Amino acid sequence: MQAICHKIAELPLIKQLNHFNFMPIIWWTILVAILPYIFSLLSIPVIWRVGVLFLIVNSIISLHLGHLIIKKKLLFWWIFLLPIVFDLVMLPKFANYNLIFGIIYLIFELFGLINKDIYR
């Protein structure tokens, strides 16, 4: 698996893209957009998809993105990328109640932006 990841990372296009400061945000957003369809292709039940993927994994990723936005000193509007892309990905195939997770991810990204200043 590491050999495959290393070969992908060595592609000239990927190397060129990774020089941009915002690319980790884009890669994490693409992962969040692809995972629901992978879960569906693997016939993983809806309860597991919602419980594990949407509530736990994607929430942790969105919290991490909030930290990345602060760490990389990106503009504030980057927090809207993950929720908007997630909601657009949910529209064609999944139930409409999944759109509320976009708001939940936005809230988790805001918590990530707070960083360590929560007790001040």
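The model shown is predicted, which means the values in this text are computed figures rather than measured ones.

Looking now at the overall build of the chain. When its secondary structure is counted, the chain shows 6 helices and 0 strands. N-terminal to C-terminal, the α/β element order of the chain is α-α-α-α-α-α. Burial status across the chain gives 31% buried among its 120 residues. Contacts in the chain between residues far apart in sequence, at least 24 positions, make up 72% of those at least 6 positions apart. Within the structure as shown, the chain displays about 8100 Å² of accessible surface, and the carbon and sulfur contribution to it stands at 75%.

Taken as a whole, this structure holds 10 aromatic pairs when the rule is applied. Ring geometry for Phe22 against Trp78: centres 5.2 Å apart, planes inclined by 20 degrees, an arrangement best described as stacked. With Phe22 in the loop between helix H2 (12-17) and helix H3 (23-41) and Trp78 in the loop between helix H4 (46-71) and helix H5 (81-93), this pair connects stretches of sequence that are 56 residues apart. Residue classification places Trp78 among the buried residues on the basis of a relative accessible area of 10%. Both rings, one in Trp77 and one in Trp78, keep their centres 4.6 Å apart while their planes meet at 20 degrees; by these two values the pair is stacked. On the accessibility criterion, Trp77 (47% relative accessible area) is partly exposed.

Looking at where Asn21 falls in the secondary structure, it is placed in the loop between H2 and H3. As a C-alpha pair, Asn21 and Ala9 span 12 residues in sequence and 16 Å in three-dimensional space. Setting aside chain neighbours within four positions, we find Asn21 in contact with Lys72 and Leu74. Of note is the side chain of Asn21, whose polar atom sits 2.9 Å from the backbone oxygen of Lys72.

Given 3.6 residues to a turn, an α-helix orients residues that are three or four positions apart in the same direction. Compared with the 27 Å implied by 1.5 Å per residue over 19 residues, the 27 Å span of H3 between its first and last C-alpha is a close match. The largest bend along H3 reaches roughly 30 degrees and is located at Ile34, with the proline Pro36 sitting one to four residues downstream. Looking at H3, one finds that the buried residues are Met23, Ile25, Thr29, Val32, Ala33, Leu35, Pro36 and Phe39. Contact partners of the buried residues in H3: H2, H4 and H5. Among the residues trailing H3, Ser43 stands out with phi positive, at a value near 60 degrees.

In this section: the UniProt feature "transmembrane region" (unreviewed entry) in the chain. If you check UniProt for "transmembrane region" (unreviewed entry), the listed places come out as residues 20-40, 46-65, 74-91 and 97-114 in our numbering. Across residues 74-91, helical content stands at 61% and strand content at 0%; the span's end C-alpha atoms are separated by 28 Å. Note that residues 97-114 is 83% helix and 0% strand, and that its end C-alpha atoms are spaced 28 Å apart.

Between H4 and H5, the shortest axis-to-axis distance is 11 Å and the interhelical angle comes to 150 degrees. For the element pair H4 / H5, the angle class is roughly antiparallel. Note on element contacts: H5 touches H4 through Leu82, Phe86 and Met90, opposite Phe54, Asn58, Ser62 and Leu65.

Cut-offs and rules
- Residues numbered from 1 in each chain as written.
- Predicted model: local features only at pLDDT ≥ 70, side-chain atom pairs only at ≥ 80, totals over all residues.
- Heavy atoms only, no water.
- Helix = DSSP H or I, 4+ residues; strand = E, 2+ residues; numbered from the N terminus.
- Buried < 20%, exposed > 50% of the residue type's maximum accessible area, 1.4 Å probe, protein only.
- Contact = heavy atoms within 4.5 Å.
- Areas by Shrake-Rupley, 256 points an atom, 1.4 Å probe, with all protein chains shown as cover.
- Phe/Tyr/Trp six-rings, centres within 6.5 Å; stacked < 30°, edge-to-face > 60°.
- Polar contact = N/O pair within 3.5 Å; in protein donor to acceptor, adjacent residues only side chain to side chain.
- Expected span 1.5 Å × (residues − 1).
- Bend = angle between axes of the 7 residues up to and from the residue.
- UniProt positions renumbered as here; feature names shortened; annotations may be inferred.
- Axes fitted to C-alpha atoms, helices over the stretch in contact; angles between N-to-C directions.
- Parallel < 35°, antiparallel > 145°, perpendicular 65-115°, else oblique.

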